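# Reading the structure
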Amino acid sequence: MLVAVDHVQLAAPPGSEDRLRAYYVDVLGMTEMAKPPVLAARGGCWFRAGAVQLHLGIEDHFRAAKKAHPGLRVRDIEAYAERLAAHHAPVTWDDGLPGHRRFYSEDPVGNRLEFLEPMQS
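Residues numbered from 1 in each chain as written. Predicted model: local features only at pLDDT ≥ 70, side-chain atom pairs only at ≥ 80, totals over all residues. Heavy atoms only, no water.

## Points about the packing of aromatic side chains
Each aromatic ring pair is characterised by the separation of its centres together with the angle its planes make. In this structure the tally under the stated criterion is five aromatic pairs. Centroid distance Phe103 to Phe115: 5.0 Å. Interplanar angle 25°. Geometry classified as stacked. With Phe103 in strand E7 (residues 100–106) and Phe115 in strand E8 (residues 112–118), the pair connects residues that are 12 residues apart, well separated along the chain. You'll find Phe103 and Phe115 in the same group, each marked buried. An aromatic cluster is defined as three or more aromatic residues linked by ring pairs; in this entry it consists of Tyr80, Trp93, Phe103 and Phe115. Just above the ring of Trp93 sits the side chain of Arg101; from NZ or CZ to the centre is 4.2 Å. (Phe/Tyr/Trp six-rings, centres within 6.5 Å; stacked < 30°, edge-to-face > 60°. Helix = DSSP H or I, 4+ residues; strand = E, 2+ residues; numbered from the N terminus. Buried < 20%, exposed > 50% of the residue type's maximum accessible area, 1.4 Å probe, protein only. Lys NZ or Arg CZ within 6 Å of the ring centre and 35° of its normal.)

Encoded structure:
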């Protein structure tokens, strides 16, 4: 029986770790997690915010995920969108999900990310 999503992994190109750290830590406000040594040798980085974990794994023939994406729930979505925009990250609002405010953005290697907040009823 499934009980939770442990993490989501996205791909990234070789040598992109510093750009990923700048984005996921400085822009999104996540904390970098230490990878186990055997996995750290493969490159990439892992990040956490509360119970949310995103793992960025290095892929030699990288292609950004333009459709597939994690949906990340946030509080105070307007302020969060302003935070991303202030860091020159794209913010594209979408009203296609009833009962939610949401926008899409991209990480520095082009992976799509969805940010959403349920509307108060």
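From this point, things continue past the structure.
## Structural notes on unusual backbone geometry
Positive phi, close to 55°, is recorded for Asp76, a residue that is not glycine. Within the secondary structure layout, Asp76 lies in the loop between strand E5 (71–73) and helix H3 (77–86). Assessed through its relative accessible area of 49%, Asp76 is described here as partly exposed. In this structure, His88 takes a positive phi of about 65° despite not being glycine. The exposure class of His88 is exposed, given its relative accessible area of 74%.

## Notes on the layout of surface pockets
If a probe the size of a water molecule is rolled over the atoms, the empty space left behind becomes visible. By volume, the largest pocket amounts to about 460 Å³. What lines the largest pocket is a set of 20 residues, among which Ala49, Val52, Gly71, Leu72 and Arg73 lie closest to the centre. Of all elements in the fold, only strand E4 (52–58) and E5 reach the threshold of two or more residues within the lining of the largest pocket. Classifying every residue of the lining of the largest pocket by side-chain character gives 13 nonpolar, four polar and three charged. (1 Å grid on protein atoms, 1.4 Å probe; cavity = no way out; pocket = protein on both sides within 12 Å on 5 of 7 lines; lining within 4 Å. Points joined across faces, edges and corners; volume = space filled by probe spheres on them. Nonpolar A, V, L, I, M, F, W, Y, C, P; charged D, E, K, R; others polar.)

## Thoughts on the nonpolar core
Soluble, globular proteins show a tendency: their nonpolar side chains are buried together. Counting 25 residues, the largest nonpolar core has Tyr23, Tyr24, Leu28, Leu56, Leu84 and Phe115 as its most contacted members. At the level of elements, strand E1 (8–12), helix H1 (17–27), strand E3 (45–49), E4, H3 and E8 are the ones that each hand at least two residues to this core. Look past the residues within four positions of Tyr24 in its chain and what remains in contact with it is Leu10, Gly29, Met30, Phe47, Leu54, Leu56, Asp107 and Leu113. (Core = buried A, V, L, I, M, F, W, Y, C linked by side-chain atoms within 4.5 Å. Contact = heavy atoms within 4.5 Å.)

## A few points about the sheet that holds E1
Paired through backbone hydrogen bonds, the strands of a sheet run either parallel or antiparallel to each other. Judged by pairing direction, the sheet is mixed, and its four strands sit side by side in the order E1-E4-E3-E2 without closing on themselves. A single partner strand is all that each edge strand has here, and the edge strands are E1 and strand E2 (31–33). If you compare each strand with its neighbour and ignore which way they point, the axes differ by 30° on average. Examined bridge by bridge, E2 and E3 share three bridges and lie antiparallel to one another. (Pairing = 2+ DSSP bridges. Axes fitted to C-alpha atoms, helices over the stretch in contact; angles between N-to-C directions.)

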